[in-house]
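# Architecture at a glance
One letter stands for each residue in the lines below.
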Amino acid sequence: MSKKILTIQDISCYGSCSTTVALPILASFGVETCILPSAILSTHTAGFTGFTVLDLTDEMERITAHWQKENIKYDGIYTGYISDSKQFDIILSCVDNLLNNDGLFIVDPAMADHGKLYPALSVEIVEGMKKICEYADYVIPNITEACFLTDTPYQEEQSEEFINELLEKLIKIGAKNVILTSVSCGNKIGATYYNGKERVTVLKPIEEKSYHGTGDLFSSLVIAGIMNKKDIKENLEFATDFIIESILATVDDPNHNYAVKYEDVLNKKWAK
Ligand code: PXL
(Lines give C-alpha, C1' and ligand atoms only; values in the text may rest on other atoms or scores of the structure.)
Protein backbone atom coordinates (compact mmCIF):
# COMPACT_ATOMS: atom_id res chain seq x y z
CA MET A 1 0.00 0.00 0.00
CA SER A 2 1.30 3.45 -0.79
CA LYS A 3 2.49 5.65 2.07
CA LYS A 4 1.37 9.10 3.13
CA ILE A 5 3.98 11.61 4.26
CA LEU A 6 3.80 15.14 5.64
CA THR A 7 6.61 17.50 4.71
CA ILE A 8 7.22 20.58 6.86
CA GLN A 9 9.41 23.22 5.21
CA ASP A 10 9.17 26.53 3.39
CA ILE A 11 7.76 27.23 -0.04
CA SER A 12 10.38 29.07 -2.08
CA CYS A 13 8.19 30.21 -4.97
CA TYR A 14 11.18 30.47 -7.33
CA GLY A 15 14.35 28.42 -7.09
CA SER A 16 13.52 24.69 -7.07
CA CYS A 17 14.15 23.67 -3.47
CA SER A 18 12.33 22.58 -0.31
CA THR A 19 8.58 21.98 -0.79
CA THR A 20 8.54 22.56 -4.55
CA VAL A 21 11.05 19.70 -4.94
CA ALA A 22 9.74 17.38 -2.20
CA LEU A 23 6.19 17.31 -3.64
CA PRO A 24 6.98 16.22 -7.22
CA ILE A 25 9.81 13.87 -6.25
CA LEU A 26 7.94 12.01 -3.51
CA ALA A 27 4.74 11.87 -5.58
CA SER A 28 6.56 10.50 -8.61
CA PHE A 29 7.81 7.59 -6.48
CA GLY A 30 4.30 6.80 -5.29
CA VAL A 31 4.33 8.56 -1.90
CA GLU A 32 1.24 10.69 -1.17
CA THR A 33 2.70 14.01 -0.03
CA CYS A 34 0.93 16.58 2.14
CA ILE A 35 2.50 19.88 3.06
CA LEU A 36 2.73 22.13 6.11
CA PRO A 37 4.46 25.28 4.80
CA SER A 38 6.58 27.06 7.41
CA ALA A 39 6.99 30.25 5.35
CA ILE A 40 6.52 31.54 1.82
CA LEU A 41 9.53 33.19 0.21
CA SER A 42 9.78 34.81 -3.20
CA THR A 43 13.03 32.87 -3.83
CA HIS A 44 15.43 30.76 -1.79
CA THR A 45 18.03 32.77 0.14
CA ALA A 46 21.23 31.57 -1.53
CA GLY A 47 22.35 33.88 -4.30
CA PHE A 48 19.27 36.12 -4.35
CA THR A 49 19.00 39.43 -2.49
CA GLY A 50 15.87 41.29 -1.39
CA PHE A 51 13.73 38.15 -1.18
CA THR A 52 10.33 38.44 0.54
CA VAL A 53 9.35 36.23 3.50
CA LEU A 54 5.89 35.52 4.92
CA ASP A 55 6.18 33.63 8.21
CA LEU A 56 3.41 31.04 8.69
CA THR A 57 3.95 29.97 12.32
CA ASP A 58 0.42 30.99 13.42
CA GLU A 59 -1.17 29.33 10.42
CA MET A 60 0.79 26.11 11.10
CA GLU A 61 -0.93 25.91 14.50
CA ARG A 62 -4.37 26.43 12.94
CA ILE A 63 -3.74 23.85 10.22
CA THR A 64 -2.45 21.17 12.61
CA ALA A 65 -5.32 21.78 15.06
CA HIS A 66 -7.76 21.13 12.22
CA TRP A 67 -5.94 17.94 11.19
CA GLN A 68 -6.15 16.64 14.76
CA LYS A 69 -9.92 17.23 14.78
CA GLU A 70 -10.14 15.30 11.51
CA ASN A 71 -7.98 12.52 13.01
CA ILE A 72 -5.58 12.75 10.09
CA LYS A 73 -2.45 10.56 10.47
CA TYR A 74 0.76 10.17 8.48
CA ASP A 75 3.20 7.32 7.84
CA GLY A 76 6.05 9.77 7.85
CA ILE A 77 6.95 13.35 8.78
CA TYR A 78 9.83 14.94 6.87
CA THR A 79 11.15 18.33 7.99
CA GLY A 80 13.50 20.63 6.08
CA TYR A 81 14.35 24.35 6.14
CA ILE A 82 12.80 26.08 9.19
CA SER A 83 13.18 29.84 9.59
CA ASP A 84 11.46 30.51 12.96
CA SER A 85 12.55 28.70 16.12
CA LYS A 86 8.96 28.68 17.48
CA GLN A 87 8.19 26.10 14.79
CA PHE A 88 10.26 23.35 16.46
CA ASP A 89 7.61 22.84 19.17
CA ILE A 90 4.94 22.64 16.47
CA ILE A 91 7.02 19.97 14.70
CA LEU A 92 7.33 17.89 17.90
CA SER A 93 3.61 18.23 18.49
CA CYS A 94 3.02 16.94 14.92
CA VAL A 95 5.25 13.94 15.73
CA ASP A 96 3.20 13.25 18.89
CA ASN A 97 -0.23 13.77 17.41
CA LEU A 98 -0.16 13.16 13.65
CA LEU A 99 2.24 10.26 13.16
CA ASN A 100 1.03 6.65 13.02
CA ASN A 101 2.52 4.38 15.73
CA ASP A 102 5.00 2.86 13.30
CA GLY A 103 5.45 6.16 11.38
CA LEU A 104 8.89 7.60 10.69
CA PHE A 105 10.14 11.03 11.72
CA ILE A 106 12.83 12.18 9.28
CA VAL A 107 14.85 15.40 9.73
CA ASP A 108 16.84 17.11 7.02
CA PRO A 109 18.40 19.90 9.13
CA ALA A 110 18.63 22.15 6.06
CA MET A 111 20.39 25.15 7.60
CA ALA A 112 23.99 25.34 6.43
CA ASP A 113 26.59 24.44 3.81
CA HIS A 114 30.29 24.96 3.11
CA GLY A 115 31.00 25.72 6.79
CA LYS A 116 28.36 28.47 7.16
CA LEU A 117 24.74 28.90 8.23
CA TYR A 118 22.36 30.03 5.46
CA PRO A 119 22.09 33.86 5.44
CA ALA A 120 18.63 34.29 7.03
CA LEU A 121 19.20 31.82 9.90
CA SER A 122 20.37 32.28 13.51
CA VAL A 123 21.94 30.03 16.16
CA GLU A 124 18.44 29.48 17.62
CA ILE A 125 17.69 27.42 14.53
CA VAL A 126 20.74 25.23 15.27
CA GLU A 127 19.48 24.65 18.83
CA GLY A 128 16.00 23.79 17.54
CA MET A 129 17.40 21.35 14.99
CA LYS A 130 19.44 19.66 17.74
CA LYS A 131 16.27 19.26 19.81
CA ILE A 132 14.19 17.63 17.04
CA CYS A 133 17.08 15.35 16.02
CA GLU A 134 16.82 13.67 19.45
CA TYR A 135 13.49 12.19 18.34
CA ALA A 136 14.36 11.44 14.73
CA ASP A 137 14.26 8.01 13.10
CA TYR A 138 16.49 9.42 10.36
CA VAL A 139 18.66 12.54 10.21
CA ILE A 140 20.08 13.61 6.83
CA PRO A 141 22.69 16.37 7.39
CA ASN A 142 25.51 17.48 5.14
CA ILE A 143 28.94 17.74 6.77
CA THR A 144 28.47 21.40 7.77
CA GLU A 145 25.08 20.70 9.37
CA ALA A 146 26.51 17.66 11.18
CA CYS A 147 29.24 19.94 12.61
CA PHE A 148 26.68 22.49 13.82
CA LEU A 149 24.49 19.75 15.34
CA THR A 150 27.39 18.20 17.24
CA ASP A 151 29.40 21.35 18.12
CA THR A 152 32.32 20.07 16.06
CA PRO A 153 34.62 22.58 14.32
CA TYR A 154 34.09 22.41 10.53
CA GLN A 155 36.89 20.90 8.44
CA GLU A 156 37.13 21.39 4.70
CA GLU A 157 39.24 18.22 4.33
CA GLN A 158 37.63 15.18 5.89
CA SER A 159 39.57 12.27 7.32
CA GLU A 160 38.02 8.86 8.05
CA GLU A 161 38.32 9.65 11.79
CA PHE A 162 36.47 12.97 11.36
CA ILE A 163 33.57 11.24 9.57
CA ASN A 164 33.47 8.51 12.24
CA GLU A 165 33.41 11.15 14.98
CA LEU A 166 30.47 12.98 13.36
CA LEU A 167 28.49 9.77 12.83
CA GLU A 168 29.00 8.60 16.43
CA LYS A 169 28.08 12.02 17.83
CA LEU A 170 24.89 12.17 15.73
CA ILE A 171 23.81 8.75 17.01
CA LYS A 172 24.56 9.94 20.56
CA ILE A 173 22.18 12.91 20.09
CA GLY A 174 19.43 10.30 19.67
CA ALA A 175 18.99 9.87 15.92
CA LYS A 176 18.35 6.18 15.18
CA ASN A 177 19.74 6.34 11.64
CA VAL A 178 22.05 8.90 10.08
CA ILE A 179 22.62 9.61 6.39
CA LEU A 180 25.58 11.96 6.18
CA THR A 181 25.82 13.72 2.81
CA SER A 182 28.58 15.64 1.01
CA VAL A 183 31.11 13.13 2.32
CA SER A 184 34.21 13.43 0.15
CA CYS A 185 37.15 11.13 -0.31
CA GLY A 186 39.86 12.08 -2.83
CA ASN A 187 38.09 13.03 -6.06
CA LYS A 188 34.86 11.32 -5.01
CA ILE A 189 31.80 12.53 -3.13
CA GLY A 190 28.69 10.81 -1.77
CA ALA A 191 26.85 9.73 1.34
CA THR A 192 27.33 7.45 4.35
CA TYR A 193 24.58 5.64 6.23
CA TYR A 194 25.10 4.64 9.87
CA ASN A 195 22.76 3.23 12.51
CA GLY A 196 25.27 2.70 15.33
CA LYS A 197 26.28 -0.72 13.95
CA GLU A 198 25.99 -1.05 10.18
CA ARG A 199 27.67 1.43 7.83
CA VAL A 200 27.09 1.86 4.08
CA THR A 201 28.97 4.37 1.91
CA VAL A 202 28.34 5.34 -1.71
CA LEU A 203 30.90 7.56 -3.45
CA LYS A 204 30.90 8.87 -7.06
CA PRO A 205 33.29 11.11 -9.01
CA ILE A 206 32.84 14.80 -8.10
CA GLU A 207 31.11 16.93 -10.77
CA GLU A 208 32.78 20.22 -11.67
CA LYS A 209 29.83 22.43 -10.78
CA SER A 210 27.74 22.35 -7.62
CA TYR A 211 24.23 23.76 -7.32
CA HIS A 212 21.99 25.01 -4.58
CA GLY A 213 19.04 22.73 -3.71
CA THR A 214 20.71 19.40 -4.45
CA GLY A 215 20.57 18.61 -0.71
CA ASP A 216 16.77 18.95 -0.76
CA LEU A 217 16.59 16.86 -3.93
CA PHE A 218 18.82 14.15 -2.42
CA SER A 219 16.74 14.01 0.79
CA SER A 220 13.45 13.78 -1.09
CA LEU A 221 14.79 10.94 -3.26
CA VAL A 222 16.22 9.03 -0.29
CA ILE A 223 13.06 9.57 1.77
CA ALA A 224 10.95 8.20 -1.12
CA GLY A 225 13.22 5.12 -0.98
CA ILE A 226 12.89 4.83 2.80
CA MET A 227 9.08 5.06 2.61
CA ASN A 228 9.12 2.39 -0.13
CA LYS A 229 11.43 0.16 1.99
CA LYS A 230 14.22 0.22 -0.57
CA ASP A 231 17.52 -1.39 0.43
CA ILE A 232 19.78 1.38 1.83
CA LYS A 233 22.72 0.80 -0.54
CA GLU A 234 20.43 0.72 -3.58
CA ASN A 235 18.66 3.82 -2.25
CA LEU A 236 21.87 5.85 -1.83
CA GLU A 237 23.19 4.70 -5.24
CA PHE A 238 19.96 5.70 -6.97
CA ALA A 239 19.75 9.12 -5.28
CA THR A 240 23.43 9.92 -5.92
CA ASP A 241 23.17 8.93 -9.60
CA PHE A 242 20.00 11.02 -9.92
CA ILE A 243 21.81 14.10 -8.55
CA ILE A 244 24.72 13.59 -10.97
CA GLU A 245 22.30 13.25 -13.90
CA SER A 246 20.49 16.41 -12.76
CA ILE A 247 23.77 18.37 -12.62
CA LEU A 248 24.69 17.12 -16.10
CA ALA A 249 21.26 18.22 -17.37
CA THR A 250 21.98 21.74 -16.09
CA VAL A 251 25.65 22.55 -16.74
CA ASP A 252 25.20 23.60 -20.38
CA ASP A 253 22.64 26.29 -19.50
CA PRO A 254 24.47 29.35 -18.09
CA ASN A 255 21.14 31.03 -17.23
CA HIS A 256 20.15 28.24 -14.87
CA ASN A 257 22.56 28.58 -11.95
CA TYR A 258 20.12 28.73 -9.02
CA ALA A 259 19.18 25.00 -8.94
CA VAL A 260 19.43 21.78 -10.99
CA LYS A 261 17.01 20.77 -13.74
CA TYR A 262 15.84 17.59 -12.01
CA GLU A 263 12.67 17.72 -14.14
CA ASP A 264 14.69 16.64 -17.20
CA VAL A 265 15.83 13.53 -15.32
CA LEU A 266 12.32 12.67 -14.12
CA ASN A 267 11.03 13.21 -17.63
CA LYS A 268 13.63 10.78 -19.06
CA LYS A 269 12.69 8.15 -16.46
CA TRP A 270 9.00 8.56 -17.31
CA ALA A 271 9.65 8.38 -21.05
CA LYS A 272 11.32 4.93 -20.66
O1 PXL B 1 17.79 24.30 0.15
C2 PXL B 1 17.58 24.68 1.44
C3 PXL B 1 16.80 25.93 1.50
C4 PXL B 1 15.44 25.87 1.60
N5 PXL B 1 14.68 26.96 1.66
C6 PXL B 1 15.23 28.19 1.62
C7 PXL B 1 16.59 28.33 1.51
C8 PXL B 1 17.40 27.18 1.49
C9 PXL B 1 18.85 27.34 1.41
O10 PXL B 1 19.41 28.38 1.30
O11 PXL B 1 17.14 29.56 1.46
C12 PXL B 1 14.36 29.40 1.70
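Preceding this paragraph is the structure being described.
A short tour of the structure in this document, coming up. This one's a predicted model, so the numbers in the text were calculated from it and none came from an experiment. (Residues numbered from 1 in each chain as written. Predicted model: local features only at pLDDT ≥ 70, side-chain atom pairs only at ≥ 80, totals over all residues. Heavy atoms only, no water.)

Moving on: the site of the ligand. All residues in the neighbourhood of the ligand are listed as Asp10, Ser12, Cys17, Ser18, Leu41, His44, Thr45, Ala46, Tyr81, Tyr118, His212 and Asp216. Separating an oxygen atom of the ligand from a side-chain N or O atom of threonine 45 is a distance of 2.6 Å. For the ligand, the protein covers 99% of the area, taking 320 Å² as the surface of the free molecule. Classifying every residue of the shell around the ligand by side-chain character gives five nonpolar, five polar and two charged. (Near = heavy atom within 4 Å. Polar contact = N/O pair within 3.5 Å; in protein donor to acceptor, adjacent residues only side chain to side chain. Areas by Shrake-Rupley, 256 points an atom, 1.4 Å probe, with all protein chains shown as cover. Nonpolar A, V, L, I, M, F, W, Y, C, P; charged D, E, K, R; others polar.)

Even without glycine at this site, serine 16 takes up a positive phi of about 45 degrees. The buried category is assigned to serine 16, whose relative accessible area is 17%. Of note, the phi angle at histidine 114 is positive, near 50 degrees, even though the residue is not glycine. (Buried < 20%, exposed > 50% of the residue type's maximum accessible area, 1.4 Å probe, protein only.)

Attention now goes to the packing of aromatic side chains. The final tally for this structure, using the stated rule, is seven aromatic pairs. The structure contains a cluster of three or more aromatic residues connected by ring pairs, namely Tyr14, Phe48 and Tyr258. Residue placement shows lysine 230 over the ring face of phenylalanine 238; its charged tip is 3.9 Å from the ring centre. (Phe/Tyr/Trp six-rings, centres within 6.5 Å; stacked < 30°, edge-to-face > 60°. Lys NZ or Arg CZ within 6 Å of the ring centre and 35° of its normal.)

Time to look at the packing of helix α2 (residues 57-69) against helix α3 (residues 87-98). Running from N to C, α2 and α3 point in directions that differ by 10 degrees, and their axes come no closer than 10 Å. Accordingly, the angle class assigned to the pair α2 and α3 is roughly parallel. Contact residues: α2 offers Thr57, Met60, Glu61, Thr64, Trp67 and Gln68, while α3 offers Gln87, Ile90, Cys94, Asn97 and Leu98. Split by residue class, the contact of α2 with α3 holds five nonpolar, five polar and one charged. (Axes fitted to C-alpha atoms, helices over the stretch in contact; angles between N-to-C directions. Helix = DSSP H or I, 4+ residues; strand = E, 2+ residues; numbered from the N terminus. Parallel < 35°, antiparallel > 145°, perpendicular 65-115°, else oblique. Contact = heavy atoms within 4.5 Å.)

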